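# Structural features, examined
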Amino acid sequence: MTSTSLPGQLPDATDSPVDTRPGRPAARRVRGEPGGHKIIVSVIMAVLGMAFLLPLVWLILAALNPHATSGLSSPAFSLDNFRAAFQAGAGRAIANSLYLAGVSTVVATVVSTLAGYVLSRHYVPLKGLLLVGVIFLTGLPVTLLLIPIYQIFVKINWLNSPFYTSLVLGATSVPFAIWLLKNFIDQVPRDFEEAAAVEGSGQFQILLRVVVPLIMPGILVSAILTFINSWGAFLIPLVLDSSPGDTPGAVGIYEFITANGQVQFGPLAAYGILFSVPVIIMYIISSRWLSGSFSFAGGVKG
Amino acid sequence: MTALTRRRATVAPAGIRERQRLKASTLAWLTPASALLIGLFLVPIGYAIYLGFTNLELLGPTAQNYSFTGLANVRRMIHDPVFWSSVKLTLIFVVGSGIIAQTILGLALALLGQRAHVTVRASVGSVVVLAWVLPEIAVAFIWYAFSQAGGTLSVLTGHSNSDLLSTAPLLIVSVANTWRGTAFSMLVLSAGLRNVPQEADEAAQLEGASYWKRLLRVTLPIMRPTLMINMLLITLGTISDFTLIFAMTQGGPGNQTAILPVYMYIEAFQFNALGYGTTIALALMLIGALLSVFYIRQLRPELRRAR
């Protein structure tokens, strides 16, 4: 799915949607500062970095040491803890997380792309009000929705269903996704759509063949953020789906911590790493495009 | 803000005029999103406002035959010392571990990153971001282990025999939250620093102003809107945080870490008081809304200028 059928390339659309400045170097040279400062600054930053690193070091050492305790373990290399984590159901739980995150990501992304396109291009009555409403929902605490949704699910018999749980997870990402994707679509010049319309393509064809390839970076960012959000979800699956076979990774780790009195640090650390790797990979993939979103928050100038 | 002005810029020269009539496809394409947002946001919000004034329980006779009880829940909340201590804890947690600690650390890292060696900046940046990307439950477990008797933090602080999660629970969950959340501020504020026009800083430099003076008088005032938005986003993120604290302490010991979302969960799903739990959730939303209004008022001059 590339935009090969399009006349010419669109450099803007592949760049971040909001940071329109030509790539400035990340660190500006501070002129007129003595060179010695750079070393001091680097040392201070490295020390701060160490403080952030230490907990991660503990996690990795504990996962690899079969006799891990809450203290720093001595370096070892054993996969016993990973085996124990799988015996405690890590595999099943991660598969369940994959289902929840996957379904909610597909639902939220498809639904938000359609809505984002309409809100960007079509005439919609009260559009301004709708957009403000969407931004408002972005900041709404999910905890508020939980009890009423639970109560509704009891009534319509949707409790303990991974599919409906993933719908709720997806819905919590929809306001942000609509807002993000609409901004991406706003950046796409309309000429291409007009050309395709003249050639007689239907609206859905235009969206799928012309707009979607151009906003692929936006779709990926939105999808990955939704995925990471649903992947880590704890409270919603804890309340809405309590059947033991459906337990996702986050709830699985929680139950493993509180199970049988004695906390098994090694296997838990391994479980934690197994559960973290997918989102770390996703983040690395998306970081290229994600930086644009931060420029947005940073770009509101006085 | 920027989005709005940008939008106008792209819309104006566009070829096709938006025809001012509703198309069938408009409605069709909005339907799935509307269904989700109405079914899983608007209806639940409305329902919450009703349930918050009922005696609904999770189990027992009032699970089915609950009724509207007027202001009974509100009265109970006003006289509930645990609720008020929970409000206090929530504010301490949000302000301390969120707004203050994360903004200061994030700003420090962003400023250091501007001038540090490239390798240091890149590697420290990655570590800080890694802490942020980890699932919250993993963070909770790491810091749980870290603060146990014999845990790394306990040893480092010279309390190797005490379980810091029972002696200083609020402090430990706050440290964990700061560890996890700082990356966000670092990323937002680094981006903000890049957008500060160099000319202002250079002009101050020519007048011989020191680094700190330039930071306080030039850079930070220019960054004010970014700082405010950053704080707003941290506030909204931290105030409804549940997983981290619940997994580490379940709100204990003795409700010492029961911030409002945790207290809501305890009341609703452990003490079965769904109705009262909803009242607490409504109070939480109200506090969040008040704080948001405060930030947006602070941002008003900038918003007006952006228009």
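Keep in mind the model is a prediction, meaning the values are calculated, not measured.

### Quick word on the overall build of chain A
Per the secondary structure count, chain A includes 13 helices and zero strands. Along chain A, helices (α) and strands (β) appear in the sequence α-α-α-α-α-α-α-α-α-α-α-α-α when read from the amino end. The buried share of chain A, reckoned over its 302 residues, is 53%. In chain A, 75% of the contacts between residues at least 6 apart in sequence involve partners at least 24 apart. On chain A, roughly 13,200 Å² of surface is accessible, and the fraction owed to carbon and sulfur atoms is 66%.

### Focus: the confidence of the model for chain A
Residue and element names in this part refer to chain A. Per-residue pLDDT for chain A has a mean of 84; in total, 83% of the residues score no lower than 70. Overall, residues 1-32 carries pLDDT values under 50, and its contacts beyond four positions in sequence, including any with other chains, amount to 45 contacts. Confidence over residues 296-302 falls short of pLDDT 50; this stretch has 23 contacts with residues more than four positions distant or in other chains.

### Side note on the pattern of salt bridges
Residues and elements named next belong to chain A. All told, the structure shown has six salt bridges over all chains when counted by the stated rule. Among the ionic pairs, glutamate 193 bridges to arginine 121, the shortest N-O distance being 2.7 Å. Of this pair, glutamate 193 sits in helix H8 (residues 191-198) while arginine 121 sits in helix H4 (residues 90-121), placing them 72 residues apart in sequence. Taken as a pair, glutamate 193 and arginine 121 share a single burial class, namely buried.

### Some points on a nonpolar patch on the surface
All names here are of chain A. A surface patch of nonpolar side chains, amounting to about 330 Å² of accessible area, comprises Met50, Leu53, Val57 and Leu72. One can find leucine 53 in helix H2 (residues 36-64). Using a relative accessible area of 31% as the deciding quantity, one classes leucine 53 as partly exposed.

### Structural notes on the domain arrangement of chain A
Residues and elements named next belong to chain A. Domain assignment breaks chain A into domain 1 (36-78) and domain 2 (84-290). Taking the mean C-alpha position of each, domain 1 and domain 2 sit 32 Å from one another. With eight residues of domain 1 at the interface, the matching set in domain 2 holds five residues. Of the roughly 510 Å² buried between domain 1 and domain 2 on both sides combined, carbon and sulfur atoms contribute 85%.

### Brief notes about the interface of chain B and chain A
On the chain A side, the residues contacting the 108 residues of chain B number 108 residues. Buried surface at the junction of chain B and chain A, both sides included, amounts to about 9,900 Å², of which 74% is carbon and sulfur. The largest per-residue losses of area from chain B upon contact with chain A belong to Trp29, Arg115 and Phe141 of chain B, which jointly make up 9% of the total buried on that side. At the junction of chain B with chain A, the criterion picks out zero salt bridges. Joining chain B to chain A, the criterion identifies ten residue pairs in polar contact (both at pLDDT 80 or more). Take the side of chain B that touches chain A: its biggest share by element is 16 residues, from helix H2 (residues 24-51) of chain B.

### Considering the environment of serine 286 of chain A
Residue and element names in this part refer to chain A. With respect to the element layout, serine 286 can be found in helix H13 (residues 265-298). A relative accessible area of 1% means that serine 286 is categorised as buried. Spatially, the C-alpha atom of serine 286 lies 7.1 Å from that of isoleucine 224, the residues being 62 residues apart in sequence.

### A short note on unusual backbone geometry
A negative phi angle is the norm for most residues apart from glycine, just as the trans form is the norm for most peptide bonds. All names here are of chain B. With an omega dihedral of -5 degrees, the bond running from glycine 252 to proline 253 counts as a cis peptide bond. As for its placement among the helices and strands, proline 253 is situated in the loop between helix H12 (243-249) and helix H13 (260-270). Residue asparagine 255 is not a glycine yet carries a positive backbone phi of 60 degrees. Within the secondary structure, asparagine 255 is located in the loop between H12 and H13.

### Brief notes about the environment of glycine 181 of chain B
Along the chain, glycine 181 of chain B turns up in helix H9 (residues 169-194). Measuring from C-alpha to C-alpha, the distance between glycine 181 of chain B and tryptophan 132 of chain B comes to 5.9 Å, with 49 residues separating the pair along the chain.

### Brief notes about the side chain of threonine 109 of chain A
Tracing the backbone through its elements, the reader meets threonine 109 of chain A in helix H4. The residues touching threonine 109 of chain A, leaving out its near neighbours within four places in the chain, are Leu181, Ile219 and Ala223 of chain A.

### Some details on the packing of helix H9 (residues 203-214) of chain A against helix H10 (residues 216-231) of chain A
The relative placement of two packed helices is expressed as an angle between their axes plus a distance between the axes. Residues and elements named next belong to chain A. Axis separation between H9 and H10 bottoms out at 4 Å; the angle between their running directions is 75 degrees. It follows that H9 is roughly perpendicular to H10 by the angle criterion. Across the interface between the two elements, Val212, Pro213 and Leu214 from H9 touch Met216, Pro217 and Ile219 from H10. In terms of residue class, the contact of H9 with H10 is made up of six nonpolar, no polar and no charged.

### Points about the side chain of serine 222 of chain A
Topologically, serine 222 of chain A is positioned in helix H10. Take serine 222 of chain A: its relative accessible area is 3%, and that puts it in the buried class.

Rules behind the numbers
- Residues numbered from 1 in each chain as written.
- Chains lettered and ligands numbered in written order.
- Predicted model: local features only at pLDDT ≥ 70, side-chain atom pairs only at ≥ 80, totals over all residues.
- Heavy atoms only, no water.
- Helix = DSSP H or I, 4+ residues; strand = E, 2+ residues; numbered from the N terminus.
- Buried < 20%, exposed > 50% of the residue type's maximum accessible area, 1.4 Å probe, protein only.
- Contact = heavy atoms within 4.5 Å.
- Areas by Shrake-Rupley, 256 points an atom, 1.4 Å probe, with all protein chains shown as cover.
- pLDDT = per-residue confidence, 0-100.
- Salt bridge = Lys/Arg side-chain N within 4 Å of Asp/Glu carboxyl O.
- Patch = residues over 30% accessible without salt bridge, like charges linked within 9 Å, V, L, I, M, F, W, Y side chains within 5 Å.
- Domains from an automatic or database assignment.
- Buried area = accessible area lost by both parts, 1.4 Å probe.
- Polar contact = N/O pair within 3.5 Å; in protein donor to acceptor, adjacent residues only side chain to side chain.
- Axes fitted to C-alpha atoms, helices over the stretch in contact; angles between N-to-C directions.
- Parallel < 35°, antiparallel > 145°, perpendicular 65-115°, else oblique.
- Nonpolar A, V, L, I, M, F, W, Y, C, P; charged D, E, K, R; others polar.

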